[in-house]
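# Analysis of the macromolecular model
Here's the letter readout for the chains.
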Amino acid sequence: RKEVEQDPGPFNVPEGATVAFNCTYSNSASQSFFWYRQDCRKEPKLLMSVYSSGNEDGRFTAQLNRASQYISLLIRDSKLSDSATYLCVAQGGFQKLVFGTGTRLLVSP
Amino acid sequence: EAGVVQSPRYKIIEKKQPVAFWCNPISGHNTLYWYRQNLGQGPELLIRYENEEAVDDSQLPKDRFSAERLKGVDSTLKIQPAELGDSAVYLCASSLRGSSYEQYFGPGTRLTVT
């Protein structure tokens, strides 16, 4: 079983839609969680951190449920430029980042 | 500010040949990482350096892979000999000490082994 699991998608949504991605992690010792974004044939970039209390950044909301070992990312009012792969990341021992396989999002006009 | 620089961007070699990748991290970033990303997968850590010391190389296939970070700045990752299964994108990243969650990635080297 992978340490961080995501639905690979793709999620096809129209502009303006709300879309949510989920991610589960298996290592209960994981300390911190993040979402990275990766455009096609580009490098990953940090999108946002994930806190138990929730974290909102504009149209993006991230949530952590430690009891269920579950992380989510909600994107409201999707834009064409949101089309990318979203990588769920867990930070464990020695501050090592473990990346999920990514969820691909395609926003269409 | 310049980002993480990697070269070459693309490399095609035949199996059993050696290959080397170079990385120059963001100035002032003590921590440097090498990742491998296979198609449709997330990046997987190969090795992590704190300055010139390799602090985590547990995922590095040491029979054929080697890395160095002389003087704690630039780094080189080498594969010798390359195998077909080594075809992937090799990403270098760097971060400030204590901020390993915010890693800045280079554009990567796309390796194809034929």
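Look above for the structure.
Starting from 1, residues in each chain are numbered consecutively following that chain's sequence as written. Labels follow written order: the first chain is A, the first ligand is 1, and so on. The predicted origin of the model limits local features to residues at a pLDDT of at least 70 and limits the giving and counting of side-chain atom pairs to 80 or more, whereas totals for whole chains, interfaces and linings rest on all residues. Side-chain numbers come from the whole structure's heavy atoms, not from hydrogens or water.

Attention now moves to the interface of chain A and chain B. Only heavy atoms matter for contacts: two residues are in contact if any of them lie within 4.5 Å across the pair. Taken together, the contacts link 17 residues of chain A with 20 residues of chain B. Buried area is a sum: the accessible area each of two parts loses on coming together, probed at 1.4 Å, counted once for each and added. A buried area of about 1,600 Å², summed over both sides, lies between chain A and chain B, and 48% of it is on carbon and sulfur atoms. Together, Arg41(A), Lys96(A) and Phe99(A) form the three largest contributors to the area buried by chain A at its contact with chain B, with a combined 29%. Each reported salt bridge corresponds to a side-chain nitrogen of Lys or Arg within 4 Å of a carboxyl oxygen of Asp or Glu. If you look at where chain A meets chain B, you find 0 salt bridges. Distance and chemistry together define a polar contact, namely a pair of N or O atoms within 3.5 Å, with one atom able to donate a hydrogen and the other to accept it when in protein, and with adjacent residues in sequence counting only for side-chain atoms on both sides. At the junction of chain A with chain B, the criterion picks out 3 residue pairs in polar contact (both at pLDDT 80 or more). What counts as a helix is a DSSP run of H or I of at least four residues, what counts as a strand is a run of E of at least two, and both are numbered from the N terminus. Counting only elements with at least two residues in the side of chain A that touches chain B, the list comes to β4 (32-38), β5 (44-50), β9 (84-91) and β10 (97-99) of chain A. No other element matches β4(A), which puts 3 residues into the side of chain A that touches chain B. Across the side of chain A that touches chain B, the residue classes break down as 8 nonpolar, 5 polar and 4 charged. Three classes are used: nonpolar for Ala, Val, Leu, Ile, Met, Phe, Trp, Tyr, Cys and Pro, charged for Asp, Glu, Lys and Arg, and polar for all others, with Gly counted as polar.

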